[in-house]
Amino acid sequence: AQSVAQPEDQVNVAEGNPLTVKCTYSVSGNPYLFWYVQYPNRGLQFLLKYITGDNLVKGSYGFEAEFNKSQTSFHLKKPSALVSDSALYFCAALNQAGTALIFGKGTTLSVSS
Amino acid sequence: DSGVTQTPKHLITATGQRVTLRCSPRSGDLSVYWYQQSLDQGLQFLIQYYNGEERAKGNILERFSAQQFPDLHSELNLSSLELGDSALYFCASSEGLGAGGTYEQYFGPGTRLTVT
C-alpha cells in the first residue's frame, strides 16, 4: 500500500535557526512528491515538488526539500526560520494511478521569536 | 490566492440532511479533486473528475456523490448526514490528469461542514 509518513507531530525551532520537517514515503514506481503548507482557517498552499532531476528542490518562501531515494525520504528544509513560517505542513505523494495525492498526517511547525 | 473558489465557507446542518458544496477550479484546469480533512482521518482523497467525467474514487461514502459540469465547476453532494461527516472539505484543481499535467494540485479555501 502506498503511504506517506511524517514522524513528528510538532517541530519547534527558534527564529533564525535552520528547520527540517521530515517525510518518508512508500510508493510504487518513481515517486512524485510534494510539500504543502496550511495556515489556520486557510486552504493548502503548494510549496514545492519533486518529479525528477536534482535531488535538492527549491520552492516558495525560501523552502527547499531534499529527495533521498535510498532512504525514501523527502525532508523539507529552510536555512533560517521565520515566525511567519509557523503553520501545518503536509508532505504528499501522487498515487500510482496519478489521480490523487496521498497525504501524511501533517507536522505543526512552531517558530518562536 | 490559488484561484480555486469554494462556497459556502461554512455550513451548519442537522443529521439526516443533505448539502451541496460547490467548487470552481482555476481558469484552464480540467481536473477537479475533492478531499476531506478531519482530525481523526487527516486529509483523504474522495473523488476526481476530469473534463466532466469521473476518473478516480477514493474513500468516498455511498451517501456522497459529485459531478463536474460543462463549465468545469464541480459540486459535492452529501446526504443522510451523520455527526462524523463534520469536517473540512477541500476542492483542488490541476491542469490535467496525473501523467499528462503538471502534477501539483491547487487547493481552494475549503468548506467547513458542521453536522449537529
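Here goes a summary of the coordinates provided. Please read all numbers here as calculations on a predicted model, not as lab measurements.

**Things to note about the packing of aromatic side chains**
Per the counting criterion, the structure on display carries 16 aromatic pairs over all chains. When the ring of Phe63(A) is compared with that of Tyr89(A), the centres are 5.6 Å apart and the planes differ by 45 degrees; the resulting orientation is tilted. Here Phe63(A) is found in the loop between strand S7 (56–58) and strand S8 (64–68), whereas its partner Tyr89(A) is found in strand S10 (residues 87–94), with 26 residues between them in sequence. Judged by its relative accessible area of 0%, Tyr89(A) falls in the buried class. In textbook terms, an aromatic cluster arises when at least three aromatic residues are bridged by ring pairs, as seen for Phe34(A), Tyr36(A), Phe46(A), Phe90(A), Phe103(A), Tyr35(B), Phe45(B), Phe90(B), Tyr106(B) and Phe107(B). Seen from the ring of Phe63(A), Lys78(A) lies directly overhead, with NZ or CZ sitting 4.9 Å from the centre.

**Quick word on the pairing of strand S6 (residues 53–57) of chain B**
Residue and element names in this part refer to chain B. Relative to S6, strand S5 (residues 42–50) runs antiparallel, the two sharing four bridges. Following the sheet pairing, Tyr49 is matched in S6 by Glu54. In sequence, S5 turns back onto S6 through a hairpin of two residues, with Asn51 there showing a positive phi of about 50 degrees.

**As for the state of the cysteines**
Under the criterion given, the structure shown has two disulfides over all chains. Two residues, Cys23(A) and Cys91(A), share a disulfide whose sulfurs are 2.0 Å apart. Here the disulfide of Cys23(A) and Cys91(A) is left-handed, its torsion about the S-S bond being about -65 degrees. With Cys23(A) in the loop between strand S3 (19–21) and strand S4 (24–26) and Cys91(A) in strand S10, this pair connects stretches of sequence that are 68 residues apart. Under the relative-accessibility criterion, Cys23(A) is labelled buried at 0%. The residue that forms a disulfide with Cys23(B) is Cys91(B), at a sulfur-sulfur distance of 1.8 Å. Every disulfide takes its handedness from the sign of the S-S torsion; for Cys23(B) and Cys91(B) that torsion is -50 degrees, giving left-handed. Highlighted residues: Cys23(B) in strand S3 (residues 19–24) and Cys91(B) in strand S9 (residues 87–94), separated in sequence by 68 residues.

Criteria and cut-off values
Residues numbered from 1 in each chain as written. Chains lettered and ligands numbered in written order. Predicted model: local features only at pLDDT ≥ 70, side-chain atom pairs only at ≥ 80, totals over all residues. Heavy atoms only, no water. Phe/Tyr/Trp six-rings, centres within 6.5 Å; stacked < 30°, edge-to-face > 60°. Helix = DSSP H or I, 4+ residues; strand = E, 2+ residues; numbered from the N terminus. Buried < 20%, exposed > 50% of the residue type's maximum accessible area, 1.4 Å probe, protein only. Lys NZ or Arg CZ within 6 Å of the ring centre and 35° of its normal. Pairing = 2+ DSSP bridges. Disulfide = S-S within 2.5 Å.

Just distances and angles here, no functional claims.
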